[in-house]
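Each chain is listed here by its residues.
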Amino acid sequence: MVSHSVWIVGTSRSGKTARLVEQFCSWVQPEKQYSESFYTKSQARKKGGRIPEFLYLKQTEPGVLVLAANDDNRRELGDIIVTSTLGKYPVRAKTPLGFFQDEVILFWPLLINSLNLEAQFPVRLRPETEQELATKLWRSQLDEEILRIAGMNESRLVRRILDLLQLAAYSGVHCEDIAQILTRGLGENSTTLEPEFLASLLSDWRNWCLERGLLTYGIITELYSQYLLSDRNYQQHLTKRYQAVLADDVDDYPSVARLLFELLLDQGAIGAFSYNPDGAVRLGLGADPTYLEGLAKRCRVEILTGPPPESLGEQAKQMVELVTEPMVLVSLPEIVHSIQTTSRAQLLRQTAEVIANAIQSQQVQAEEVAIIAPGLDAIARYTLVEILIKQNIQVESLNDQRPLISSPVIRALLTMLALVYPGLGRLVDRDAVAEMLVVLSRKQQPPENPTLLTSNSSLSTHNSALSTQIDPVRAGLIADYCFVPHPDRPNLLPVSAFERWDRIGYAATTAYNEILEWLEQQRSQQELRLIPSPISLLDRAIQRFLWNGSNLPYEQLAALRELLETAQHYWEIDTRLRQIAPVETTPHTTIIEFIQLLRRGTITANPYPVRPIGGARKAVTLATIFQYRSSRRSHRWHFWLDAGSPLWAKGGAATLFGAPFFLQDRLGEPWTAEDEKLAEEQRLQRILTDLLSRVSERVYLCHSDLAVNGQEQIGPLLPLVNACVTVISEANTK
């Protein structure tokens, strides 16, 4: 059976996913002949590719486990498989963590018996809720002395400790063994906290969660790898359900995924795996590509040689050599340009102007351009977006996870909560009330000439502007004279409380009276306990003031959906905790904590994704290196922003503390300066090779001599900038 498993190796965009789908079709449709196969047309493959009878699968139960590296790739892979099989075979693609979660919940009764847990349905914790509950549990132990030794604030320390549990679970290490691995990895001269202390905190946290039926990603992975996979009953069910496994981009999988694959292969299943040696995007976040590569010994290896012909992958070797050996005198081809300025402000402006000129001159379309940076600060993002939008060029920020509290709509709804429920007066001020009045009085204004929009209905949402009946000036006057602060019952007075209320105007007065009347109705219903929960009140406010049967902009819609999802999850967890251990608190303490959680900025507007209908959005892509590589996209033109930055070789936020200690090939080994230098060189080589495989026509190296802080930029890509033939500066725009 081992000879039927396939290990597909190739660089980015070399056809690995297409080969996987072809393999899947050969499993479920063995009678179909793939005479038009692009990769291999030899007769030897056709003779050796015969599938045993047990893989002639039924359409209703295909028995194939399909996995992808992340959620976006999961949906795309599922769509490709459905299209290739004409929808005849129901397939549910999963991410590894998504599969672990489903299995733990499905076989929760087995875990209840083996771990002697209380019989209650499990509830998954979101990362932000996980951090808040862990902070409360550990607050008595994380005193000022501990924070001083750690050299960071409480929230960062809690997040770092929780990440250790997640990394250990991904590598298949039991929670009790974390202290031993950290002791060996950190050494005796470490200035960090004691490993035994960290391990005791994590053990207390895990036990506390299991007693209450709460699951985090780390706990889910540990339960699956340590308990479910070793359970005979589960193994029988698993091998009965799946006779084959299809896994794409396994270089981004945690090491526990290999335990699952080997179990299936040992029980007679066959597999098809794709591996990118220049991938490893999630290395440092729990992925272990070297350990997963060991599966190749059990498979028939297929190598998809060479980059795709429409990419610049052939230039990767030359550019990597120039970076690793700067003394080599090599000039880059004309397809690599550079934009060089003195200050970063000039660089951002010049880059945006080059993009705008190229799009307006029809050299390239907006959707064929990508701006990639090692790190995108708010100033750079705002500058690029504003300049391009003024030129009627849309910009799409990949996973632009702005804090939810940054949205005026969300702040207005939270202010509304504080005005309806008692005891929340300290969370409201006059500025917040004025902002609430402006937001809740918005009405969608119909266009002056509706016939102009009939030819393209998609423009109606943008062209029918939202007009506010209470402008900021009048809202400020109302808040100054009609808002009565109170720690328990803040109140809004009628507009007549303002002596010169005639200055407010008819439209603003009418809108204010409607808001005031609605708030009074909600207060009376809350006193009569006719509002089930704050979630219901938020939904009422959205329906009454924000929705109005109109089409909201996507950004507002995403923020509102995330707010409702977060609120529903928060009160679900609060209900579970009160059922286990009732706490004597004021009735609205949960609302106070919820508002404070949002104001800390830990919740971002990234709700369950809405799939676009129709073609791709005609917009310039703006992303960090990690976001772009994770999305597996490709473009005609690339603009590499801050090419002189040292962050190109750094892991940054894409590397968790202690991640190297939990790699299987060096489990618990110390991480030295030489190891860090070698890891940076390898990371930079993978980034260059991967990005060049995802661009087909032109690369712009955007470099400024000075960084934002005024320091000179001397990064690893500086030799590439100096080797460019074409230079675009302030005085020369091409």
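As the structure is a computational prediction, the values presented were derived from the model and not from experiment. Within any chain, residue numbers begin from 1 and follow the written order of that chain's sequence. The predicted nature of this model means local features are confined to residues of pLDDT at least 70 and side-chain atom pairs, given and counted, to a pLDDT of 80 or more, with totals for whole chains, interfaces and linings taken over all residues. Only hydrogens and water are removed before side-chain values are computed, so all heavy atoms of the structure are retained for them.

Novice: Would you mind showing me how to read helix α21 (residues 472–482) here?
Specialist: For an α-helix, 3.6 residues make a turn, and residues three or four places apart therefore share a direction. Note on exposure labels: buried denotes an accessible area under 20% of the residue type's maximum, exposed denotes more than 50%, and partly exposed covers the range between, all computed with a 1.4 Å probe on protein chains only. In this text, helices come from DSSP runs of H or I with a minimum length of four residues, and strands from runs of E with a minimum of two, each type numbered from the N-terminal end. Within α21, burial applies to Ala-475, Ile-478, Ala-479 and Cys-482. Looking straight down α21, one finds its buried side chains confined to an arc of 100°; they lie on one side. Any two residues whose heavy atoms approach within 4.5 Å are treated as being in contact. Structurally, α21 contributes buried residues whose contacts are with α19 (430–440), β13 (483–484), β14 (491–492) and α22 (506–527). The residue sitting at the N-terminus of α21 and contributing the capping side-chain oxygen is Asp-471; that oxygen lies 3.0 Å from the backbone nitrogen of Val-473. This arc corresponds to the set of directions leading from the helix axis out to the C-beta atoms. Nitrogen and oxygen atoms within 3.5 Å of one another constitute a polar contact, given that in protein one can donate a hydrogen and the other can accept it, and given that sequence-neighbouring residues count only through two side-chain atoms.

Novice: How should the packing of aromatic side chains be read in this particular structure?
Specialist: Working definition: an aromatic ring pair is given by the centre-to-centre distance plus the angle between the planes. Ring geometry is summarised as follows: Phe, Tyr and Trp rings, the Trp one being its six-membered ring, pair when their centres sit within 6.5 Å, and such pairs are stacked at plane angles under 30 degrees, edge-to-face over 60 and tilted between the two. A full pass over the atoms with the stated rule returns 21 aromatic pairs. Look at Trp-518 and Phe-545: their rings are 5.1 Å apart centre to centre, the planes differ by 85°, and that puts the pair in the edge-to-face class. Residue Trp-518 is found in helix α22, and its partner Phe-545 is found in helix α23 (residues 534–547); the two are separated by 27 residues along the sequence. Residue classification places Phe-545 among the buried residues on the basis of a relative accessible area of 3%. Taken together, the aromatic side chains of Phe-99, Phe-100, Phe-107, Tyr-224, Tyr-234 and Tyr-242 make up a single cluster linked through ring pairs.

Novice: I'm lost on the confidence of the model for the protein in this one. Help?
Specialist: Low pLDDT marks regions whose predicted coordinates should not be analysed in detail. In the predicted model, the protein carries a mean pLDDT of 86, and the fraction of residues at 70 or more is 86%. One number per residue, pLDDT, summarises how confident the predictor is, and it ranges from 0 to 100. Low confidence marks residues 33–49, where pLDDT is under 50. Its contacts with residues over four positions away, or in another chain, come to 15 contacts. Segment residues 450–464: pLDDT under 50, and ten contacts once partners within four positions in sequence are set aside and those in other chains are kept.

Novice: Is there a simple way to think about the nonpolar core in this case?
Specialist: Generally speaking, a soluble globular protein has its nonpolar side chains buried in company with each other. By nonpolar core is meant a set of buried Ala, Val, Leu, Ile, Met, Phe, Trp, Tyr and Cys residues that side-chain atoms within 4.5 Å join together. Judged by nonpolar contacts, the single largest core of 80 residues is most densely connected at Phe-99, Trp-138, Trp-205, Tyr-224, Leu-260, Phe-261 and Phe-662. Here this core takes eight residues from helix α8 (residues 154–170), the largest share from any one element. Here Trp-205 is in contact with Leu-125, Glu-130, Leu-133, Ala-134, Leu-137, Trp-138, Leu-162, Leu-165, Thr-216 and Ile-219, once residues within four sequence places are set aside.

Novice: What should I look at first to understand the pattern of salt bridges in this one?
Specialist: One side chain can pair with another of opposite charge once the charged atoms of both are near each other. Criterion for a salt bridge: a side-chain nitrogen of Lys or Arg within 4 Å of a carboxyl oxygen of Asp or Glu. One pass over the full model with this rule turns up 41 salt bridges. In this structure, the salt-bridge partner of Glu-103 is Arg-241, at a minimum N-O distance of 2.8 Å. On the criterion of sequence distance, the pair formed by Glu-103 in helix α4 (residues 96–106) and Arg-241 in helix α12 (residues 232–241) is long-range, its members being 138 residues apart. Taking relative accessible area as the criterion, Glu-103 reaches 3% and is therefore assigned buried. A single network of salt bridges, built from pairs that share partners, joins Arg-126, Glu-128, Arg-561, Glu-562 and Glu-565.

Novice: How should I be thinking about the packing of helix α16 (residues 344–360) against helix α17 (residues 378–390) in this particular structure?
Specialist: How two helices pack is summed up by the angle between their axes together with the distance between the axes. To obtain each axis, a line is fitted to C-alpha atoms, and for helices this fit is confined to the stretch in contact; angles are then taken between N-to-C directions over 0 to 180 degrees. The geometry of α16 relative to α17 is characterised by a closest axis approach of 9 Å and an angle of 35° between their N-to-C directions. Crossing hand, α16 versus α17: right-handed. Counting all contacts with α16, which are made through Arg-344, Leu-348, Arg-349, Ala-352, Ile-355 and Ala-356, the residues of α17 involved are Ala-380, Thr-383, Leu-384, Ile-387 and Leu-388. Note that Gly is not counted as nonpolar here; it falls among the polar residues with everything else outside the nonpolar set of Ala, Val, Leu, Ile, Met, Phe, Trp, Tyr, Cys and Pro and the charged set of Asp, Glu, Lys and Arg. Of the residues belonging to the contact of α16 with α17, the class tally is eight nonpolar, one polar and two charged. Each crossing is labelled by how the near helix is turned from the far one, with a counterclockwise turn of less than a right angle marking it left-handed and a clockwise turn marking it right-handed.

Novice: Hey, could you run me through empty space enclosed by the protein in this one?
Specialist: Points on a 1 Å grid over protein atoms alone make up a cavity when a 1.4 Å probe fits among them but cannot get out, and a pocket when they form an open set with protein on both sides within 12 Å along at least five of seven lines; lining residues each have an atom within 4 Å of a point. Grid points are joined across faces, edges and corners, and a volume is the space filled by probe spheres set on the points. For the structure on display, the rule yields two cavities of 30 Å³ or more. Reported here for the largest cavity is a volume of approximately 70 Å³. Its residues placed into classes, the lining of the largest cavity shows five nonpolar, four polar and one charged. Within this model, the second largest cavity holds a volume of roughly 40 Å³. Lining the second largest cavity, in full, are Leu-440, Ser-441, Lys-443, Gln-469, Ala-511, Glu-514, Ile-515 and Phe-545.

Novice: I would appreciate a short explanation of the sheet that holds strand β6 (residues 270–275) in the present structure.
Specialist: Remark on secondary structure: sheet strands pair via backbone hydrogen bonds, oriented parallel or antiparallel. Note on pairing: DSSP must find at least two bridges between two strands before they are called paired. Pairing within the open sheet is parallel, and its five strands lie in the order β2-β5-β6-β1-β7. Edge strands, defined here as strands with exactly one partner in the open sheet, are β2 (64–67) and β7 (300–304). Strand-to-strand twist in this sheet, taken as the mean axis angle between neighbours without regard to direction, amounts to 15°. Contacts from helix α1 (residues 16–28) reach β1 (6–10), β2, β5 (244–247), β6 and β7 within the one sheet, and its direction differs from that of β6 by about 170°.

Novice: Please clarify how unusual backbone geometry should be interpreted in this entry.
Specialist: Note on backbone geometry: most residues besides glycine have negative phi, and most peptide bonds are trans. Phi is positive for Asp-249, close to 55°, though the residue is something other than glycine. The topology assignment puts Asp-249 in the loop between β5 and α13 (256–266). Residue Asp-249 is classed as buried on the basis of its relative accessible area of 9%.

Novice: Which parts of the structure should I look at to understand the pairing of strand β15 (residues 620–624)?
Specialist: Taken residue by residue, a regular strand's side chains alternate between the two faces of the sheet. With five of its five residues buried, β15 lies for the most part within the structure. Side-chain alternation along β15 places Val-620, Leu-622 and Thr-624 on one buried face and Thr-621 and Ala-623 on a second face that is also buried. Here four bridges tie strand β9 (residues 369–373) to β15, and the two strands are oriented parallel to one another. By the bridge assignment, Ala-370 is partnered in β15 with Thr-621. Sheet analysis places strand β10 (residues 395–397) next to β15, joined by three bridges and oriented parallel. Paired with Ser-397 across the two strands is Leu-622, which belongs to β15.

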